[in-house]
Amino acid sequence: MKYHYIVPAVFCSRPNRFIANVEIDGKPETVHVKNTGRCQELLVPGAQVYLERADRTGRKTKYDLVAVRKAGGALFNIDSMAPSQAVREWLEGKGFDKIVPEYKYGNSRIDFYMEKNGQKYLMEVKGCTLEINGTGYFPDAPTDRGVKHLYELIRAVKEGYRAAAAFVIQMDGVTQVRANTDTHPAFGTALEEAVAAGVEVLCLPCHVEPDSLCVVEQNIWR
């Protein structure tokens, strides 16, 4: 998936989950952050960030913060909407007969429903932006919604679906994701139960550019 118009900037501060203060060519600007997670190890004063210029009028902010370069040079996409878009493009090359986004199942909306040769599939997509010593971790903040989705996938397997939780790794050089049990133990428990029940867990490494995010390979959970 690609962005239309990217502007480099320098991160200054994050007053709350939704906005950040940056400098564009030395001039202060308040921008929308397209990720409500913590991102504490990424959004540090002085970090190089990349903004997408908003394409609609009537907004309070002109830009969305979508990527950041971590100390050491690695580029991270932190747009929480980008993983689903990248996975949609990836799924379109997998030979499915039908792909339906935002599918109502149980008491949730699951990211994708697919069909192939009469088999029904459900896939929930999670973006991973937290990296520690070369391994990705999810979540970076407690997510009751994420736990709920895993139990919905367990139920789906029992009803004959093939179900998968797909972790989109929003950085280069990382191939595996682990449950961040220090941050949210219940998510780790739910993920273990999902694997035991037959839910497939996919780790989807990506290539990141300031203006794009692309799935490059697939690893089954180990």
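Here the structure is a predicted model, which means the values were calculated and not measured.

Novice: What is the right way to read the overall build of the protein from this model?
Specialist: From N to C terminus, the protein includes three helices and 16 strands. Relative to the compact-globule value of 17 Å for 222 residues, the protein shows a C-alpha radius of gyration of 18 Å, a close match. Projected onto its principal axes, the C-alpha coordinates of the protein cover approximately 55 × 35 × 30 Å. In the protein, which comprises 222 residues, the proportion classed as buried is 49%. Here the protein displays about 10,900 Å² of accessible surface, and carbon together with sulfur accounts for 48% of that area. Here the protein carries 28 positive and 28 negative side-chain charges, and the mean point of each set is 4 Å from the other.

Novice: Please explain the pattern of salt bridges as it appears in this structure.
Specialist: Two side chains carrying opposite charge are able to pair once their charged atoms lie near each other. A full pass over the atoms with the stated rule returns 10 salt bridges. Taking the shortest distance from any N to any O, the salt bridge between Glu 131 and Lys 70 comes out at 3.0 Å. Linking Glu 131 in strand 10 (residues 130-132) with Lys 70 in the loop between strand 5 (63-69) and strand 6 (75-77), this pair joins segments that are 61 residues apart in sequence. Per residue, the accessibility class of Glu 131 equals that of Lys 70, and both read buried. The residue Glu 159 makes a salt bridge to Arg 155 at a minimum N-O spacing of 3.3 Å. What makes Glu 159 partly exposed here is its relative accessible area of 46%. What you see here is one network of salt bridges that share partners, running through Glu 152, Arg 155 and Glu 159.

Novice: Explanation requested: helix 3 (residues 185-197) in the structure shown.
Specialist: Because each turn of an α-helix spans 3.6 residues, side chains separated by three or four positions in sequence point in the same direction. A rise of 1.5 Å per residue sets the reference length of helix 3, with its 13 residues, at 18 Å; its end C-alpha atoms lie 19 Å apart and thus fit the reference within 8%. Turning to helix 3, its buried residues are Phe 187, Gly 188, Ala 190, Leu 191 and Ala 194. What you see down the axis of helix 3 is that its buried residues fit within an arc of 165 degrees, all on one side. Residues of helix 3 that are exposed and point more than 90 degrees away from the buried face comprise Glu 192 and Ala 196. Tucked inside the fold, the buried residues of helix 3 contact strand 11 (135-138), helix 2 (144-158), strand 12 (162-169), strand 13 (177-179) and strand 14 (200-209). Among the residues trailing helix 3, Gly 198 stands out with phi positive, at a value near 105 degrees.

Novice: Sorry, what's going on with the pairing of strand 8 (residues 108-116) here?
Specialist: One face of the sheet, then the other: side chains in a regular strand alternate in exactly this way. Across seven bridges, strand 7 (residues 98-105) lies against strand 8 in antiparallel orientation. Bridge pairing in strand 8 links Ile 99 to Met 114. Connecting strand 7 to the antiparallel partner strand 8 that follows it, the hairpin turn spans two residues, and Gly 106 within it adopts a positive phi of roughly 60 degrees. As judged from the five bridges shared by strand 8 and strand 9 (residues 119-128), these two strands associate in the antiparallel manner. Its bridge partner being in strand 9, Glu 115 is matched across the sheet by Lys 120. Linking two consecutive strands that pair antiparallel, namely strand 8 and strand 9, is a turn of two residues; a positive phi of about 50 degrees is found at Asn 117 within it.

Novice: Hey, could you run me through the sheet that holds strand 11 in this one?
Specialist: The strands making up a sheet associate through backbone hydrogen bonding, with each pair oriented either parallel or antiparallel. With mixed pairing, the three strands of this open sheet are ordered in space as 10-11-13. The sheet terminates laterally at strand 10 and strand 13, the two strands that pair on one side only. Taking each pair of neighbouring strands and ignoring which way they run, the sheet shows an average axis angle of 40 degrees. In this sheet, strand 13 lies alongside strand 11 in parallel orientation, the contact comprising three bridges. In the sheet register, Gly 136 faces strand 13, and the bridge partner there is Val 177.

About the criteria used
Residues numbered from 1 in each chain as written. Predicted model: local features only at pLDDT ≥ 70, side-chain atom pairs only at ≥ 80, totals over all residues. Heavy atoms only, no water. Helix = DSSP H or I, 4+ residues; strand = E, 2+ residues; numbered from the N terminus. Rg over C-alpha atoms; globule rule 2.2 N^0.38 Å. Buried < 20%, exposed > 50% of the residue type's maximum accessible area, 1.4 Å probe, protein only. Areas by Shrake-Rupley, 256 points an atom, 1.4 Å probe, with all protein chains shown as cover. Lys, Arg positive; Asp, Glu negative; His and termini not counted. Charge placed at Lys NZ, Arg CZ, Asp CG, Glu CD. Salt bridge = Lys/Arg side-chain N within 4 Å of Asp/Glu carboxyl O. Expected span 1.5 Å × (residues − 1). Arc of directions from axis to C-beta. Contact = heavy atoms within 4.5 Å. Pairing = 2+ DSSP bridges. Axes fitted to C-alpha atoms, helices over the stretch in contact; angles between N-to-C directions.

Bear in mind that shape data such as this cannot, by itself, settle questions of function.
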